[in-house]
Every structure is written in C-alpha cells, then in structure tokens.
Amino acid sequence: MVSGPKKSLTLTNPYSPLTKTMFGALRKNSRLGQWNGRRRSSRGDEPFVLKLFHRPVLLRLTPVLLTALAITYLAYRGGPPLPYRVGAIYPRDLRVRVYFELINQTQTERARDEAVQRLPERQSEDPVVREETRRAVSPVVEKYPQGMLLVPRGQPISERQFAVLEEEHKAYLHSLTSRDQAHRGLALLLVMSLLTILVTTYLARFQPALARSLPKIALVCLLVIATLALGLLVSKPPWFAMLIPLTVTVMILTIAYNPQFALLMAYSLSLAMTVALDADLSQLLVQMGGLATAVLLLQQVRTRTRLVKVAAAAGLAFLAMSVATGLLSQQTWSYILADGGRNFAWAATAGFLLSGSLPLVERCFGIITEASLLELADGSHPLLQELVRRAPGTYTHSMTVATLAEAAAEAIGADSLLARVGSYFHDVGKMLKPHYFIENQSGENRHESLEPALSTLIIIGHVKDGLALAQQYNLPQPVVHFIQQHHGTTLVEYFYREAIRLQEDGGEGTAELETSFRYPGPKPQTKEIAAVMLADAVESASRALSDPTPASLAKLVHELVLKRLLDGQFEECGLTFTELHRTEESLSKSLIALYHARIKYPELKNRAS
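Residues numbered from 1 in each chain as written. Predicted model: local features only at pLDDT ≥ 70, side-chain atom pairs only at ≥ 80, totals over all residues. Heavy atoms only, no water.

> For this particular structure, what's the right way to read the overall build of the protein?
A tally of regular secondary structure across the protein gives 27 helices and four strands. With 609 residues in all, the protein has 43% of them scored as buried. Considering only intrachain contacts with a sequence separation of at least 6, the fraction spanning at least 24 residues in the protein is 75%. (Helix = DSSP H or I, 4+ residues; strand = E, 2+ residues; numbered from the N terminus. Buried < 20%, exposed > 50% of the residue type's maximum accessible area, 1.4 Å probe, protein only. Contact = heavy atoms within 4.5 Å.)

See below:
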C-alpha cells in the first residue's frame, strides 16, 4: 500500500469565490453574505465636536450662545445686589467690609436746631441769619471702620440698620477693582454657560424636534432673556416680585412644549436668578417648590380659569416653602407670613396675567390649548356657518369624520379634541367649488364633461382654497395643518385610473402620470392628522358600499389602512404599528356603529270601510 503525502485540512470561507464555484449549487448565500456594503453603523464615524461646526448646527447654536452672553450681562449689570432684607435674621454677624462714612441726619438736624436756638432774640427772627447759622454747623459724620459690627447674628434687621447696610454695600461696590469685577463676570459667565450647555444637551438628546427648529430655539431664547430681565427689574424692595416672570415663563413652556422640558427650564431659571441676585439656598428652594408644582399640575387648559387655579396652587407651594425655609433659618413669624403671603400673591398674579395673554402666547408659539379648541368646536364659528350654507354635504361629512377621528385618536392616546376640531375644518376649501364634490351633488356630475387632469386640479385645489380661508378667518396653525396635510401625498386614484384608460384607448402608451395626480402634501406630521386622514378615507369609501355589513366595513377599513401604510403616508407622524392597529379597530367599530341595522316597521294596510 503506497501512502501519499498527508494533506492538511483547512477551513475554507464558505463565501469565498472558490467555495461559491464548488458548492454554489448546494449552499445559498445568506442575506448578510450578499451584502457588500458597510457593515458598521456610521453614526459614530464623525466626532461630536465636528458636528457642531456644520452650518445648520451653527445657525441654531448662535441664538443659544447669544442668550448665554445676554443673561450673563444682565446678571453682571444687576449686581451684586444687596442680599439683605428688613426683618430678616441671618446666622452670622453682619460686619463692615470696607471703611466708609455716613452722615447722621438726625444728629445733624439736632445740632443745627441747637445752634439756631442759641442766637439772640433779634437775630433768631431773621430767616437769612437762621439759614446761615444752620449751614455753618458741619454735618455729623459717623465713621464705620472695617470689621465693625452692624447687625448681630440672630437679630432682625431694623429700618435704620438696613439703611446703614445699603450705604456699606455702595461703598463696597465702589471699592471693587477692575480685577474683582472681571473675576465676578467670569464666574457668572461660567455658571450661565454651564446651565446653557445642560439645556442644549438635553434638547439635542431628548427633544430633537425642538432642537432642529431655529424659530422655536430663538423664541425660547428670547423668553429666557425677557424672564431674567424682568425678574431682576422687579426683584428690588419692597416688591421682591421675581416670581411673577418665573411662574409665567414656566407655565408657558409647559403649555407650548412638555413638562419635562419645563421642569428643566424651571430649575435652570431658578438657579440663574438665585445666582444673579446673590441669594441663598432658601430662595432657590422656594422658587423650585412653586415652579415644579405649576409644571406638574398644568396638564389640560380647558378653561382660562384653569391657569389661575394652577397658579394659585403654585402660590400655596411658594407659601409652604417660605414657611419651611423660614423656620429652618429661625426667622420671625411676622417675617415668614409676610414673605409667604407676598409670594402667594405674586403667583396668583402670574396666573391672571397668563390667562389674559393666552391668545398672544398661542399665536407666538403656534400652539392651541383646549380652551381655544372648545371655542372653535362651537358650531357658531363663522367659517363653519359658511360651510353649512355653501356645502351642506361637506359639513355633514366633516361631522362624521370628526366622530370617527375623535374615537381613533382617543384609542391611541392622542389629542382627541384636537382631532375633532381639525376634522371640522379639514375640508372647508370645498365650499368654493361645492358642486364638484360628490357629497354636494344632486344627480349632476360636473366632472363628466372635464378631462381627468382638470378634474384632479379642482379636487386637489380644495386644499389650497382651504388654506386661504384659514388665513382669512385667522385659524390657529395646528388646525391649519389638518387642512394642509389630511390628504398627505396620496393619489387621486379615480381620475388617475381614468387618465390611464384614456391613454390606452388613444394608443398613447402608459406614460408616467402618477406625480401629476398626487396631492402636494406634506404627509401627516402628527398622529391626530393621521387619524383624520384615515377617518376621511374610510367615511368617503363606505358611502360607496351597496351593503355595508360589519364584515365588509372591517375589510374596507383594513384595505384603506394598508394602502396608506404601503404608500408611506405615516412615515413622518410617529405612528407605530400597534397604534395603527388600534386605529383600524376603532374606525371599524365606529363605522359598524354608524351603519347599524334598524328594525323595519310593518307597512300600514288600508282597511275597507
């Protein structure tokens, strides 16, 4: 037996060219093996620091940086303010920091009166002599050397002591050198910059929609600057009303965005205000306690008095925190109650101010509250009244769509009231050409004499007409979005197929026509608009069923939902598959209830007399 040389056994890559040749008929490449592109995610390829230098990012960061500089300047120019208050007790001795002199007006007037009284009787009756004698007496000057005790610890500050503290503070500010001022400015810049970085990082990670919108960023920055400026302006004695702009701003951010962002801004604004006013920890605790209460209680603004109630609750939190911090710092009860009562009054004032300016807030931030939605839901709105008069069929259709969309939005946790109001107005553009839409026709179809392309322009044109009417009647922007997006970029299928048929009959071939028969969009951007899109489609299609049984209605809803899904209409609204399934179930139940069976009453037979 002849043995040949041993051959080593090697493992061959099953996806190498040789293996493909030898075992191509036996082994099929996996999907990963067929992929010849990148196998690593490109998310981390570019460093985060380099992304900051992209032009769009720089544009959005510019107002943020300017805001940090602006609030630093406001804090720098506003202080350091006098941190003491009349009636307050401090745990340390208050001593003179820098030598200063103070004219004692009481003793000076007393010395001048005594000099006048020493004049002879004839001279004392002459006003000129009396005035010259008073001027001849030098003012009584009190000298306050450095380290002199002004207010012992544990003793409330009196009016007289507060006046001395004010003069001491002025002398201290005058003694600060340029280096001291620079150090203070640098410290303020670092604090404000860190707070700005904190908020910016949070937005970039958890609020990308807000972080990508330059107008929204600029609006928030302006609001922050205005809040700090007004807070510093009204923080001076005897008002101490910095809680008014803080409470108003935090409630606005809660209404316009979300509680999480509002809580972060409440913390940041409170800390910035505390640093700017050179206040202690108790002031920060009072501000955060009340502002957090306002954010957590403010959910739905169905009435304007809701804002006042939430602000009053925040005022109670301010009062409770004032009592707590006052007891911890061993303040007098008169001081605690006066400070807590003032804080409650300022919080309630903030609620009244926001309630009165709510329409302006909605207009500036492009939002709409439940209170405004309830006003729009009233059937007496002039635009709805015009729709009833010009296109009663469309009005009835809109009311039915509202019922379907409201239930669907509620099923997925969306804003059902917004979906209902948006449904009321989504087809108002049809009133300008009502007889071209089937729900307003009474036997005559005007599209029979028109080309499919022209009919499509008329059908699609109701969106543009609706936007013009919305602008004319000053509808809020969130409602305008329903008019603009409720068809997305869907296909006007009936006239598209008619155009294809005419092309084929004319022997012109099947040229690409789809883009000309699609709505301009954009696609739905919110879940509420997506619910209205589906409700509008299923309500219109269900009218064409000859026998609307529960099974046929459920099948119709499923087909329309699937068609919109495959057409990519829900790509930009954040609707999940689970929510889409719940929407389909809700629409099916609502349609079945709408077309429920009725008892057929027996006919009355004529009886012979």
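> For this particular structure, what's the right way to read the nonpolar core?
Note on soluble globular proteins: their nonpolar side chains tend to be buried together. M251, I255, Y257, F261, L307, L354 and F365 are the most contacted members of the largest nonpolar core, which has 58 residues in total. At ten residues, helix α12 (residues 243-256) tops the list of elements feeding residues into this core. In this structure, Y257 is in contact with L210, K216, V220 and F365, ignoring residues within four places of it in sequence. (Core = buried A, V, L, I, M, F, W, Y, C linked by side-chain atoms within 4.5 Å.)

> Would you mind showing me how to read the packing of helix α22 (residues 452-472) against helix α23 (residues 477-485) here?
Between two packed helices, what matters for the description is the angle formed by their axes and the separation of those axes. One way to put it is that α22 packs onto α23 with a least axis distance of 8 Å and a crossing angle of 165°. As summarised for this structure, α22 and α23 are arranged roughly antiparallel, according to the angle between their axes. As for the relative orientation of α22 and α23, their crossing is right-handed in sense. Across from V463, G466, L467 and A470 in α22, the residues of α23 making contact are V480, I483 and Q484. Its residues assigned to classes, the contact of α22 with α23 shows five nonpolar, two polar and no charged. (Axes fitted to C-alpha atoms, helices over the stretch in contact; angles between N-to-C directions. Parallel < 35°, antiparallel > 145°, perpendicular 65-115°, else oblique. Left-handed = near helix turned anticlockwise from the far one by under 90°. Nonpolar A, V, L, I, M, F, W, Y, C, P; charged D, E, K, R; others polar.)

> Teacher, can you tell me more about the pattern of salt bridges here?
Think of it this way: side chains of opposite charge can pair up when their charged atoms draw near. In the structure shown here, the tally under the stated rule is 24 salt bridges. For D93, the salt bridge is made with R95, and the minimal N-O distance between the two is 3.6 Å. Assessed through its relative accessible area of 30%, D93 is described here as partly exposed. Residue R95 is classed as partly exposed on the basis of its relative accessible area, which comes to 42%. In this structure, E493 engages R497 in a salt bridge whose closest nitrogen and oxygen atoms are separated by 2.7 Å. In this pair, E493 and R497 both sit in helix α24 (residues 493-505), four residues apart, roughly one turn of the helix. For E493, a relative accessible area of 26% gives the class partly exposed. Through salt bridges that share partners, R85, D339 and R342 make up one connected network. (Salt bridge = Lys/Arg side-chain N within 4 Å of Asp/Glu carboxyl O.)

> Just checking my understanding: could you explain the packing of helix α20 (residues 392-411) against helix α27 (residues 577-594) for this structure?
Two numbers describe how α20 lies on α27: the axes approach to 8 Å, and their chain directions differ by 140°. The interaxial crossing formed by α20 with α27 has right-handed handedness. Facing α20, whose interface residues are T400, L404, A407, A408 and A411, α27 presents R582, T583, S586, L587, S590, L591 and L594. Counted by class, the contact of α20 with α27 contains seven nonpolar, four polar and one charged residues.

> Would you mind going over the environment of G574 with me for this structure?
Among the structural elements, G574 can be located in the loop between α26 (550-566) and α27. Residues G574 and T526 lie 48 residues apart in sequence; the distance between their C-alpha atoms is 7.0 Å. With residues up to four places along the chain from it excluded, the contact list for G574 reads K527 and E579.

> Where do I start with the environment of Y90 in this structure?
Along the chain, Y90 falls in the loop between α4 (55-77) and β1 (94-95). It is 7.6 Å that separates the C-alpha atoms of Y90 and S329, two residues lying 239 residues apart in sequence. Those residues within four positions of Y90 in sequence are excluded, and the remaining contacts are P83, Y84, R85, R153, G154 and I157. A distance of 3.2 Å separates the side chain of Y90 from the backbone oxygen of P83, its partner in a polar contact. (Polar contact = N/O pair within 3.5 Å; in protein donor to acceptor, adjacent residues only side chain to side chain.)

> Which parts of the structure should I look at to understand the confidence of the model for the protein?
Of all residues in the protein, 88% attain a pLDDT of 70 or more, and the chain-wide mean is 87. Across residues 1-44 the pLDDT falls below 50, and counting only partners more than four positions away or on other chains, this stretch makes 13 contacts in the model. (pLDDT = per-residue confidence, 0-100.)

> What is the right way to read helix α19 (residues 382-390) from this model?
Buried residues of α19: L383, L384, E386 and L387, and no others. Looking straight down α19, one finds that the buried residues subtend no more than 160° of arc, so they occupy a single side. Where the residues of α19 are buried, they touch α18 (370-376), α20, α21 (416-425) and α22. (Arc of directions from axis to C-beta.)

> Honestly, unusual backbone geometry in this entry has me stumped. Any pointers?
Note: most peptide bonds trans; most residues except glycine with negative phi. The step from P237 to P238 runs through a cis peptide bond, and the omega angle for that step is 5°. Take P238: it is sitting in the loop between α11 (214-233) and α12. For the bond from G521 to P522, the omega torsion is 10°, close enough to zero to count as cis. You can see P522 is positioned in the loop between α24 and α25 (527-542). Although it is not a glycine, N474 adopts a positive phi angle of roughly 55°. For N474, a relative accessible area of 53% puts it in the exposed group.

> When you look at the packing of aromatic side chains in this model, what are you seeing that I'm missing?
Remark: the centre distance and the inter-plane angle together describe each pair of aromatic rings, the angle taken between the planes. Per the stated rule, a full pass over the model turns up nine aromatic pairs. Taking 5.1 Å as the distance between ring centres and 85° as the angle between the ring planes, the aromatic pair formed by Y494 and F495 counts as edge-to-face. Exposure remark for Y494: the relative accessible area of 61% places this residue in the exposed category. Its relative accessible area of 10% is what places F495 among the buried residues. Summarising the aromatic geometry, the rings of Y496 and F517 are spaced 5.9 Å apart at their centres and angled 65° between planes, so their arrangement reads as edge-to-face. One end of the pair, Y496, is in helix α24; the other, F517, is in the loop between α24 and α25, with 21 residues separating them in the sequence. As far as burial versus exposure is concerned, Y496 and F517 are alike and both buried. What links up through ring pairs into an aromatic cluster is the set Y202, F206, Y257, F261 and F365. Lying across the ring of F240, R85 places its NZ or CZ 4.0 Å from the centre. Stacked on the ring of Y172, the Lys or Arg R97 has its end atom at 3.9 Å from the ring centre. (Phe/Tyr/Trp six-rings, centres within 6.5 Å; stacked < 30°, edge-to-face > 60°. Lys NZ or Arg CZ within 6 Å of the ring centre and 35° of its normal.)

> I'm lost on the pairing of strand β2 (residues 100-103) in this one. Help?
Each regular strand displays side chains that alternate between the two surfaces of the sheet. The two faces of β2 differ: F100 and L102 on one face are buried, but E101 and I103 on the other face are not. Bridge count between β2 and strand β3 (residues 141-144): four bridges; the pairing is antiparallel. If you follow F100 over to β3, its bridge partner there is Y144. (Pairing = 2+ DSSP bridges.)

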